[in-house]
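Report on the structure
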Amino acid sequence: MQLGILLDTQWASGAHESATALAQRAEAGRLDLVVVGPGDAEGIRTDTALDPWTTAVWVAAHTGRIALGVAGDPSAPDPSDHAARTAPYPEVVAKARQTLESLAGVRLVADAGWVVAPEGAERAQILALADHHDLPVVVPVRTAHDVERLIPFAASHGGNPSGRSVAARSRRRPGIDYDGLPESLRRTAIEPGDDSFSAVRSTYLRSGAPGLVLRPQTPDEVADAVVFAHRHRHLPLGVRSGGHGISGRSTNDGGLVIDVGALDGIEVVDPRRRRVRVGPGATWKEVAAALNSHGWALGSGDYGGVGVGGLATAGGIGLLSRRHGLTIDHLRSADLVLADGRQVRVSDQEHPDLFWAVRGAGANVGIATSFEFEVDEVDDVGWAKLVLVTDDIEQALLTYGRLASSAPRDTTVFLVTGRPRDGQSVVQLYALVDSGDADVIVERLTPFVALGDLLRQEVVLTRYAGVMAEAEDVGPDGHHGYGEPVSRSALLPELTPAFARDAARLLHSGTVAYFQLRAMGGAIADVPPDRTAFAHRRSAFQVTAMGRAHGALDPAFDALAVHFHGLYLSFDTDLRPQRLDDAFPPPVLARLRETKALYDPDNLFRDNFNIAPTVDLTVSHAG
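Fair warning: this is a prediction, and the values are worked out from it, not measured in the lab.

For the α-helix, the turn length of 3.6 residues means that residues three or four positions removed from each other point alike. Here helix 10 (residues 284–292) has its buried residues at Trp284, Lys285, Val287, Ala288 and Leu291. Projected onto a plane normal to the axis of helix 10, the buried residues spread over an arc of 165 degrees and lie on a single side. Check the buried side of helix 10 and you find it contacts strand 9 (266–270), strand 10 (275–278), strand 11 (296–297), helix 11 (308–312), strand 14 (367–374) and helix 16 (464–468).

Here it is as structure tokens:
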């Protein structure tokens, strides 16, 4: 049982002084909660009483542990009411509430997070209310004696067995069996009322407010988390490694998040074959640093802060891809937790159907707890960042397309631009040349200067680890994404004059704030399309366009669909069902549905571009 006091601010003048004294006594007596009225107790009412929010500010400033709640609606009262003519101005109340939220922080109990007992209630009445409502019970008090009377009640009933404060429990979301959480996950789980919740609620671009973040530390605990999630299939389920995904599906509102960030080990398991085991919670910056001392590297997108788990199950179109292939092309096995909590290893020999699906659609079939990669020998590389300006973005795109797709495999160039200003477009090129020869690097990059007037250039000879090291560390405060990201993605078989024209028109429309082209081809196309669930191997470029709202971006981007053939889901936030048809050719999608039906028939893993299972009724009777 959790027990507190209710301070009715309307029964005496000087309410803030008496309120703080009573609250301090309640805190010293290890009571759990102070709620500031108005209450229902009868007494001497005064028109000079402070509003509850201002009184609560005084209480918060003079206490340090006890949870705080405020009863009553802070909105403006009815002006026809006598009380309204003596009530504080709404602006004053609003400021008091803002101050209280700042002072009290996680001690502030959400609205209606308690039940009020009658004034002078005895132990039996209090216990009955606590049992019936499963909420803290607050008793109206006026004097120190009233408070002292309650302290033995609380001491004799041991407080809250969950160990969480009244304030923390008041922020629990409906539909979650918090008290049924497995013991293995209790120590590290984070609820909305916990101090560290702000560090885990959001992702890189998306704000969120999940009802519970589970942070397993071992594969067995991941399995426990999945079983718990299966009992809560009515809720959204996000799976997070680094939280950097553009789609933002690793957070939600009111659901569960399984954060595997603690599984971040990096281990060389076979030096002769360059085999490395990596946990999903490691970042590519950390992986690159660990491999560098061996003279190795593993292609991994273009930003070192991204977590391994999301990218390694989606594809991995990166700065080494034209020379060494996609990240998933280096995957030799993975350890998965399936939707029923089973732990399996997948490879070409073990569960090959799952291994095929993991490489391109892994978010739909399980949670990876480790990956085994065969990495490459990579020496020094040329790393360049060029900034150019052009008044003809159409021609610049066309020139880039020709140069980037015809460049030798050792050269990968990504282009970023946005809305033209005053008729001119800023074009940023990010280029990696897999060579330590300065002359070769200059030779490879020089043609790209033709895209416009060169404003700034930075070309260095470094290690791949140096390229990845430019990413900032997230830090203990976590990501603080805001709102909903709006992004569209597509795969382009060829950058034609027609595409350059239409893309330039899109940019001039102002609908797109960020536009990126990633050069593909080379080693990516060496892998047969049916080898992995990532099937669009013949694409020349991957396109990303980001805007402010899907209502504006979608029709503008959809108008370019005639140029596209495929989709890379990691950079798309459009949840319309046809995006799956874009991402996976019909035979691939059909095979994924069959795999899903075998391993996740209840569709637990459905929050990241859901591939719904289908069951072949002709064989469902077997056994």
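Additional details are given in the paragraphs that follow.
Take the sheet that holds strand 8 (residues 256–259) next. Pairing between the strands of a sheet comes from backbone hydrogen bonds, and it takes one of two forms, parallel or antiparallel. Taken together, the three strands give an open sheet; going across it, the order is 6-8-7, and neighbouring strands pair in parallel fashion. One side of each edge strand has no neighbouring strand; the edge strands of this open sheet are strand 6 (212–214) and strand 7 (237–240). The average angle at which neighbouring strand axes cross in this sheet is 20 degrees, direction not considered. As defined by bridge partners, strand 6 adjoins strand 8 across three bridges and the pair is classed as parallel.

The geometry of helix 14 (residues 393–406) relative to helix 17 (residues 497–508) is characterised by a closest axis approach of 8 Å and an angle of 135 degrees between their N-to-C directions. Looking at the two axes, helix 14 sits oblique to helix 17. Crossing hand, helix 14 versus helix 17: right-handed. On helix 17, the residues that touch Ile393, Glu394, Leu397 and Leu398 of helix 14 are Pro497, Ala500, Arg501, Ala503, Ala504, Leu507 and His508.

Attention now moves to the sheet that holds strand 16 (residues 381–390). Strand order in the open sheet formed by seven strands is 19-16-18-17-21-22-20, and the pairing between neighbours is antiparallel. In the strand order of this sheet, the two ends are held by strand 19 (453–462) and strand 20 (487–492), each with one partner. Sheet twist, expressed as the mean angle between neighbouring strand axes with direction ignored, is 15 degrees. Note that strand 20 and strand 22 (residues 541–546) share six bridges and pair antiparallel. Bridge pairing in strand 22 links leucine 492 to phenylalanine 541. Across the sheet, helix 14 touches strand 16, strand 17 (411–417), strand 18 (425–433), strand 21 (514–519) and strand 22, and the angle it forms with strand 21 is around 25 degrees. On top of the sheet, helix 18 (residues 550–558) reaches strand 20 and strand 22; it is set at about 15 degrees to strand 20, its chief contact.

Taken as a whole, this structure holds eight aromatic pairs when the rule is applied. Judged by centre distance (6.0 Å) and plane angle (70 degrees), the rings of phenylalanine 534 and tyrosine 568 are edge-to-face. Linking phenylalanine 534 in the loop between strand 21 and strand 22 with tyrosine 568 in the loop between helix 18 and helix 19 (578–583), this pair joins segments that are 34 residues apart in sequence. Residue class for phenylalanine 534 comes out buried when judged on its relative accessible area of 6%. Grouping aromatic residues by their ring pairs yields a cluster made of Trp284, Phe371 and Phe373. A cation over an aromatic ring shows up here: arginine 359 above the ring of phenylalanine 355, its NZ or CZ 3.8 Å from the ring centre. Arginine 591 extends its terminal NZ or CZ atom over the ring of tryptophan 356, reaching a point 3.8 Å from the ring centre.

So, on to the pattern of salt bridges. Evaluated as defined, the whole model comprises 45 salt bridges. Its salt-bridge partner being glutamate 119, residue arginine 142 comes within 3.1 Å of it at the nearest N-O pair. Of this pair, arginine 142 sits in the loop between strand 5 (137–141) and helix 6 (144–155) while glutamate 119 sits in the loop between strand 4 (115–116) and helix 5 (123–133), and the two are 23 residues apart along the sequence. Look at arginine 142 and you get partly exposed, because its relative accessible area is 25%. The partly exposed category is assigned to glutamate 119, whose relative accessible area is 39%. Here arginine 206 makes a salt bridge to glutamate 484, at a shortest N to O gap of 3.0 Å. Pair noted here: arginine 206 is in the loop between helix 8 (183–186) and strand 6 and glutamate 484 is in the loop between helix 16 and strand 20, with a separation of 278 residues, a long-range link. Residue class for arginine 206 comes out buried when judged on its relative accessible area of 10%. Through salt bridges with shared partners, a single ionic network connects Arg488, Asp554, Asp558, Asp572, Asp574, Arg576, Arg579 and Asp582.

Looking now at the confidence of the model for the protein chain. Scored by pLDDT, the protein chain has a mean of 91; 91% of the residues are at 70 or more. Segment residues 76–86: pLDDT under 50, and nine contacts once partners within four positions in sequence are set aside and those in other chains are kept.

Ranked by size, the top nonpolar core spans 55 residues in total, and within it Trp284, Val308, Phe373, Phe584 and Leu592 carry the most contacts. Sort the elements by how many residues they give to this core and helix 13 (residues 352–361) lands first, with six residues. One finds Ile393, Phe448, Leu517 and Leu553 within the second-largest nonpolar core, a separate group that totals 42 residues.

Bringing the side chain of threonine 251 into the picture now. Along the chain, threonine 251 turns up in the loop between strand 7 and strand 8. Within the local environment of threonine 251, its side chain forms a polar contact with the backbone oxygen of arginine 201, the two atoms lying 2.6 Å apart. In this view, threonine 251 contacts Arg201, Thr203, Arg206, Ser207, Gly208, Ala209, Pro210, Arg240 and Val257; residues no more than four positions away in its chain are not counted.

Rules behind the numbers
- Per chain, residue numbering runs from 1 following the sequence as it is written.
- Where totals are concerned, whole chains, interfaces and linings use all residues; where local detail is concerned, this predicted model gives features only for residues with pLDDT of at least 70, and gives and counts side-chain atom pairs only at 80 or more.
- Side-chain metrics in this entry use all non-hydrogen atoms of the structure; hydrogen atoms and water are not considered.
- The rule is simple: take the accessible area with a 1.4 Å probe, protein chains only, and divide by the maximum for that residue type; under 20% is buried, over 50% is exposed, in between is partly exposed.
- Put simply, DSSP H or I for four residues or longer makes a helix, DSSP E for two residues or longer makes a strand, and each gets a number counted from the N terminus.
- What the arc covers is the set of directions going from the helix axis to the C-beta atoms.
- Whether two residues are in contact is decided by their heavy atoms, any of which lying within 4.5 Å being enough.
- By the convention used here, strands pair only if DSSP detects at least 2 bridges between them.
- Axes here mean lines fitted to C-alpha atoms, for a helix over just the part in contact, with angles spanning 0 to 180 degrees between N-to-C directions.
- By definition in this entry, angles of less than 35 degrees are roughly parallel, angles greater than 145 are roughly antiparallel, angles of 65 to 115 are roughly perpendicular, and the rest are oblique.
- Each crossing is labelled by how the near helix is turned from the far one, with a counterclockwise turn of less than a right angle marking it left-handed and a clockwise turn marking it right-handed.
- Between rings of Phe, Tyr and Trp, where Trp is taken as its six-membered ring, a pair exists when centres lie within 6.5 Å; planes separated by under 30 degrees are stacked, by over 60 edge-to-face, and by other angles tilted.
- Only when the NZ atom of a Lys or the CZ atom of an Arg is both within 6 Å of the ring centre and within 35 degrees of the ring normal do we say a charge sits over the ring.
- Each reported salt bridge corresponds to a side-chain nitrogen of Lys or Arg within 4 Å of a carboxyl oxygen of Asp or Glu.
- The pLDDT value tells you how sure the predictor is about a given residue, anywhere from 0 up to 100.
- Here, nonpolar core means buried Ala, Val, Leu, Ile, Met, Phe, Trp, Tyr and Cys residues that are tied together by side-chain atoms lying within 4.5 Å of each other.
- Residues adjacent in sequence count toward polar contacts only when both atoms are side-chain atoms; beyond that, a polar contact is any pair of N or O atoms within 3.5 Å, and within protein one must be able to donate a hydrogen and the other to accept it.

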